Amino acid sequence: MNIELSLKSAIKQALSALFQVEEEVILQPTKSDFEGNYTYVVFALVKQLRKSPADIANAIGEYLKTNTTYIKNYNVVQGFLNLVLADEVWFDILNGILADENFGILPKNNQSVMVEYSSPNTNKPLHLGHLRNNFLGFSVSKILEANGYDVVKTCLVNDRGVHICKSMWAYQQFGNGETPESSGIKGDHLAGKYYVIFDKHYKSEVAALMQEGMSEEEAKKNAPAIKAVQEMLIKWEQGDKETVALWRKMNDWVFAGFNETYQKIGVSFDKTYYESNTYLLGKDLVEEGLLSGIFFKKENGSVWIDLKEEGLDEKLVLRADGTSVYITQDLGTTDLKFHDFHINKAIWVVGNEQDYHFEVLFAIMKKLGRNYADGCYHLSYGMVELPEGKMKSREGTVVDADDLVDEMIETAEVTTRERGKIDDFTNEDADILFQMIALGALKYFLLKVDPKKKMLFNPADSISFEGNTGPFIQYTHARICSILRKASSQGISVNSRIKNVEIAKSETELIFVLSEYPNAVKKAGDEYSPSVIANYTYELAKTFNQFYAEISIMNETDTDKQQFRLALIKAVSETIRKATALLGIEVPIRM
RNA sequence: GGAUCCGUAGCUCAGCUGGAUAGAGCAACAGAUUUCUAAUCUGUGGGUCGCAGGUUCGAAUCCUGCCGGGUUCACCA
C-alpha cells in the first residue's frame, strides 16, 4: 500500500465532505520535534473558508480519525495538522515492501533513453574530473532504468584531431620504439607521457623563436613542432598509411589502458562511438539547413545560423574551407544516435563549461525540425576542484584516476586491517573487500553532491570512512548481515509476512524512511541526480543505526517481535543494496 | 561588457515545486562497549541562510537590484 496516496485521497474526501472544496493535497513528513508522521498544512484554506486554522485542522483530523483506519491520533499546532498513523498501517507498509521483489523499481514506461558519458580524449589518461563524469553517467543510467526506461549507455571517444597528433608526433620523434610492454607503462599513461613531451618541446621552440625576435603569437604558429603536427593531421585525414598505422597502434594502447580503468571502477557501455568515424557527419545537415533556409552562407563561404530569437547569437556551423567545426560533428552524431537506436531521449553527461554549446546544439536541432529535440538534455555537472584550486595539467596538479583509485584501495586496506574484523578472510576475499570499500568511498564522495554544483575534492575528507560516507553505508549493511547470519545459525528463518506487534518509535521511523525509497528513485530520475539517492541511502543507514543502538533483536524473547524486527532489517539491508547499486556501489556482507 | 550558474555553521554539504524553532557530516568538547560489528550511538557548543528591497498569513526557498566568485561568449574541441 502507498500510505501517502491513501492519506491524500482521504484528506481530499474530508475537504469535500466538510467544506465542499476541491484542493490539491500536499503532505509533508512531520518534523521530528512534533508528534506525528505526516503533516497537512491548512493555512491555504483559511481565507477561502473563513475559519480559523485550528478549526479547519481539527475538523479534518477528527474526520480522518473516525472515517478511516489510518489514523491513530492527531494534534494541531497553529495551522499544522500532525497525523499519527495507526500501528496496523506500519505493518501493512512493511508487508507490502517485503512482498514486492521490485520495491523501488518503477513500472516500465516504454521509453528508451541514451546516456552518453565518459567520452575521453585518447591523448592522456583519465583524471579526477573524468571520474565524476563516469560515476554520474553510470549512476544516472541505473537510476533511469529503475524509473522504467530502457537505457543505452554510450561513450563517444575523441580519438582524432590535433591533440592526438601531438602525442603521435612526439612519440615518433622521441619514442625509440617504446611500448607499454617494454616500458611497463599503462597504454593511456604512455600516450599521455608523449603528450607532455610534445608540450615541453613545443614550448622550448616557441621560446627560442621569441628569443630571435618573433612575437609570441607568431612563434606559436611557426614553431616547427606545431607545423609538423598539422601536417600529420592532414596526412591522417588523407589516410596516409604510415600515419594511420601509428595512430592505430597508439590508440590501441590507450583503449587497453582505458578498458582496464573502466573495469576497475565498474563502468561499462553498450555502444562506443568513435569520432574518427563520425567527424565527417553533419555536413549533410548543413546542406539540409541551407536548403530550408535555416542556415545562411556568408561571402567567404562559411555557413551560419542566426539564433538571436532564441536569445543566443549567430553561430558558425561550417568553415569557409568547407570543413567541420565541433558543432557540425555534434549535429551529425545526434542524428546518428536517434537513427541507430529507437530512443525517446538522449542525455549528454558533459561538464558545465559546455553549457553554451549544448544550448546551441539543441536550438539548431529544433530549428531543423527534429522532433526529438525536446528529448535532448545536457546533464551539466560542475568542476571538481582541489583545495589549492583548479586542476591544471600544465602545472601538474591533475589527480590521476588510476593513482587515486590505487591510493584509495591502500587506505581501505590499512583502515580495515586496523579493525581486525576480517583476520580470517582469504587474501582474495580481502582484496575484493578493499576494492569494494575504496570504490564505495570514492563514488559516494563524488556522487553525494548535487551534480550541477562544482565540488571540492579534499583528499583528507575523501579517505574518511566515517560519517556521511560510502563505507558508513557499507558498514551498516554488513552489520545487518551479521545479525541475519546469527539468526540463521540459530535456525531462525525470516518470514516474509509478519504479524502485528507492539512497535517502538525507532521502528516506525525506520519503516517510514523505507517507505520513501520509491519517492527517492522517482525524484532522482526526474532530476537526473544521483545525489538524491546518496542522501536517501545515508538517511536510511543512519536511521537503522539509531534503531540498532536502541533495540536488540537476537535477545528478544517474544518470537513475533523478533520476527518483525528480522523482517524489518532484512528489508533495510535489501533497500540499501538496491539503492547503492543505483550509485554503482557494492555492499559487503562483512567488513 | 553580454549570457549563465553559484553564495546556508570554522570546513564540506543537505534543505530551494513557499510552511513550524534552518539540518547533517567533519573538526572541538562530554558520554556510551560483560549485550546482534564502536567504520556505531547519545549529548554540548557553533547561523544577520552574501546584502537591500518586494510579493505573501508565512521567504533560505519566488521577484528585482546590488556585492562577491565560477564558467562561457573561436572559422579550438
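Just so you know, these numbers come straight off a predicted model, no measurement behind them.

Cut-offs and rules
All residue numbers here refer to positions counted from 1 along the written sequence of the relevant chain. To read the labels, note that chains go from A and ligands from 1, taken in the order they are written. Reporting in this predicted model follows two pLDDT cut-offs: at least 70 for local features of residues, and 80 or more for side-chain atom pairs to be given and counted; totals over whole chains, interfaces and linings ignore these cut-offs and use all residues. To obtain the side-chain values, all non-hydrogen atoms of the structure were used and water was disregarded. The helix and strand labels rest on DSSP assignments: H or I over at least four residues marks a helix, E over at least two residues marks a strand, and numbering proceeds from the N terminus. Note on exposure labels: buried denotes an accessible area under 20% of the residue type's maximum, exposed denotes more than 50%, and partly exposed covers the range between, all computed with a 1.4 Å probe on protein chains only. In what follows, residue pairs with any heavy atoms lying within 4.5 Å of each other are defined as contacts. The accessible surface values rely on the Shrake-Rupley method and a 1.4 Å probe; as for residues, cover is taken only from the protein chains in view. Note: pLDDT gives the predictor's confidence per residue, expressed from 0 to 100. Nearness here has a simple test: a residue counts as near a molecule or strand if at least one of its heavy atoms is within 4 Å of that partner. Here a polar contact is taken to be a pair of N or O atoms separated by no more than 3.5 Å, where protein atoms must pair a possible hydrogen donor with a possible acceptor and residues adjacent in sequence count only if both atoms sit in side chains. Polar here means any residue outside two lists: the nonpolar Ala, Val, Leu, Ile, Met, Phe, Trp, Tyr, Cys and Pro, and the charged Asp, Glu, Lys and Arg; Gly therefore counts as polar. Note on pairing: DSSP must find at least two bridges between two strands before they are called paired. Only the contacting stretch of a helix is used when fitting its axis, a line to C-alpha atoms as for every element, and angles between N-to-C directions run 0 to 180 degrees. For Phe, Tyr and Trp, rings pair up if their centres lie within 6.5 Å, where Trp contributes its six-membered ring, and each pair is then called stacked (planes under 30 degrees apart), edge-to-face (over 60) or tilted (otherwise). The criterion for a charge sitting over a ring is simple: Lys NZ or Arg CZ within 6 Å of the ring centre, and within 35 degrees of the ring normal. If you view the pair so one helix is near and one far, a crossing is left-handed when the near helix is turned anticlockwise from the far one by less than a right angle, and right-handed when it is turned clockwise. Salt bridges, as used here, are contacts in which a Lys or Arg side-chain nitrogen is within 4 Å of a carboxyl oxygen on Asp or Glu. To estimate how far a helix should reach, multiply one less than its number of residues by 1.5 Å.

Draft legend 1. The overall build of chain A, seen in detail. In terms of regular secondary structure, chain A is built from 23 helices and 14 strands. Seen through its C-alpha atoms, chain A measures out along the principal axes to roughly 90 × 65 × 40 Å. Across the 591 residues of chain A, 51% fall into the buried class. A separation of at least 24 residues holds for 73% of the contacts in chain A among residues at least 6 apart in sequence. With an accessible surface of roughly 28200 Å², chain A has 48% of that area assigned to carbon and sulfur atoms.

Draft legend 2. Broad picture of the confidence of the model for chain A. With 100% of its residues at a pLDDT of 70 or more, chain A has an overall mean of 94. Confidence estimates for the predicted assembly give a pTM of 0.96 and an ipTM of 0.96.

Draft legend 3. Region of interest: the protein's contact with RNA strand B. Close to RNA strand B lie 61 residues, the nearest being Asn300, Lys390, Lys421, Ser482 and Ile551. Tyr326 is positioned with one of its backbone polar atoms (N or O) 3.0 Å from a phosphate oxygen of RNA strand B. Residue Leu456 places a main-chain N or O atom 2.8 Å away from a phosphate oxygen belonging to RNA strand B. Breaking the surface near RNA strand B down by element, the ones donating at least two residues are β2 (38–41), α2 (43–49), β4 (80–85), α16 (401–419), β14 (455–456), α19 (470–489) and α22 (530–550). Of the residues forming the surface near RNA strand B, the biggest block, eight residues, is contributed by α19. Residue composition of the surface near RNA strand B, grouped by class: 29 nonpolar, 16 polar and 16 charged.

Draft legend 4. Structural view of the sheet that holds strand β1 (residues 27–29). Read from one edge of the open sheet, four strands run β1-β2-β4-β3, paired in antiparallel fashion. The sheet terminates laterally at β1 and β3 (71–77), the two strands that pair on one side only. On average, each strand axis in the sheet is inclined to that of its neighbour by 30°, with strand direction left out of account. Sheet topology note: the β2/β4 ladder contains four bridges and is antiparallel. If you follow Val41 over to β4, its bridge partner there is Phe80. Seen against the sheet, helix α3 (residues 53–67) touches β2, β3 and β4 and runs at an angle of roughly 180° to β3.

Draft legend 5. Representation of the packing of aromatic side chains. Using the criterion set out here, one finds 25 aromatic pairs in the structure. Measuring from centroid to centroid gives 3.8 Å for Phe338 and Tyr372, while their planes differ by 5°, and the two rings are stacked. Placement of Phe338 in helix α14 (residues 326–340) and of Tyr372 in the loop between α15 (355–367) and β12 (376–381) is noted, with a sequence separation of 34 residues between them. Summarising the burial analysis for this pair, Phe338 and Tyr372 share the class buried. Aromatic ring contacts, followed pair by pair, group Tyr117, Phe258, Tyr262 and Phe269 into a single cluster. Directly above the ring of Tyr273 sits Lys271, whose terminal nitrogen or CZ lies 4.9 Å from the centroid.

Draft legend 6. Local environment of the packing of helix α11 (residues 241–265) against α16. Two numbers describe how α11 lies on α16: the axes approach to 11 Å, and their chain directions differ by 35°. Note on packing geometry: the crossing formed by α11 with α16 is left-handed. Together, Thr261, Lys264 and Ile265 of α11 and Asp402, Val405, Asp406 and Ile409 of α16 make up the contact between the two elements. Its residues assigned to classes, the contact of α11 with α16 shows three nonpolar, one polar and three charged.

Draft legend 7. Quick peek at the environment of Ile432. With respect to the element layout, Ile432 can be found in helix α17 (residues 427–447). It is 56 Å that separates the C-alpha atoms of Ile432 and Thr66, two residues lying 366 residues apart in sequence.

Draft legend 8. Quick peek at the sheet that holds strand β6 (residues 149–157). Ordered by their spatial adjacency, five strands build an open sheet running β7-β6-β5-β11-β12, and the pairing between neighbours is parallel. Whereas interior strands pair on both sides, the edge strands pair on one side only; in this sheet they are β7 (271–274) and β12. Adjacent strand axes in the sheet meet at a mean angle of 25°, parallel and antiparallel pairs treated alike. Alignment of strand β5 (residues 111–116) against β6, held across six bridges, turns out to be parallel.

Draft legend 9. Main features of the side chain of Ser302. Locating Ser302 in the fold gives a position in the loop between β8 (295–297) and β9 (303–306). Given a relative accessible area of 5%, Ser302 falls into the buried group. A distance of 2.7 Å separates polar atoms of two side chains, one belonging to Ser302 and the other to Asn300. If we skip the residues at most four places from it in the chain, Ser302 touches Phe296, Lys297, Leu316, Leu318, Arg319 and Ala320.

Draft legend 10. Highlighting the pattern of salt bridges. Scanning all chains against the criterion turns up 30 salt bridges. Salt-bridge contacts for Arg160 lead to Glu237; the nearest nitrogen and oxygen are separated by 3.3 Å. Of the two residues, Arg160 sits in the loop between β6 and α6 (162–174) while Glu237 sits in helix α10 (residues 224–237), which places them 77 residues apart along the sequence. Asp450 serves as the salt-bridge partner of Lys452, at 3.7 Å between the closest nitrogen and oxygen. The exposure class assigned to Asp450 is partly exposed, which follows from its relative accessible area of 24%. Taken together, the shared-partner salt bridges in this structure form one network comprising Lys298, Asp306, Lys308 and Glu314.

Draft legend 11. Quick peek at the packing of α16 against α17. With their axes 8 Å apart at the nearest point, α16 and α17 run at an angle of 115° to one another. Our pair here, α16 against α17, has a crossing hand that is right-handed. Within the contact between the two elements, α16 uses Leu404, Val405, Met408, Ile409, Ala412, Glu413, Thr416 and Arg417 and α17 uses Asn427, Ala430, Leu433, Phe434, Gln435, Ile437, Ala438, Leu439, Ala441 and Leu442. By residue class, the composition of the contact of α16 with α17 is 13 nonpolar, three polar and two charged.

Draft legend 12. Spatial organisation of α19. Taking 1.5 Å per residue, 20 residues should reach 28 Å; α19 reaches 29 Å between its end C-alpha atoms and fits that length. Once α19 finishes, Gly491 follows within two positions and takes phi at roughly 75°, a positive value.

Draft legend 13. Just unusual backbone geometry, in detail. At Gln20, a residue that is not glycine, the phi angle is positive and equals roughly 55°. Examined against the element boundaries, Gln20 turns out to sit in the loop between α1 (3–19) and β1. Of note in this structure, Asn176 is not a glycine but carries a positive phi near 50°. Locating Asn176 in the fold gives a position in the loop between α6 and α7 (180–183). With relative accessibility at 78%, the residue Asn176 sits in the exposed group.

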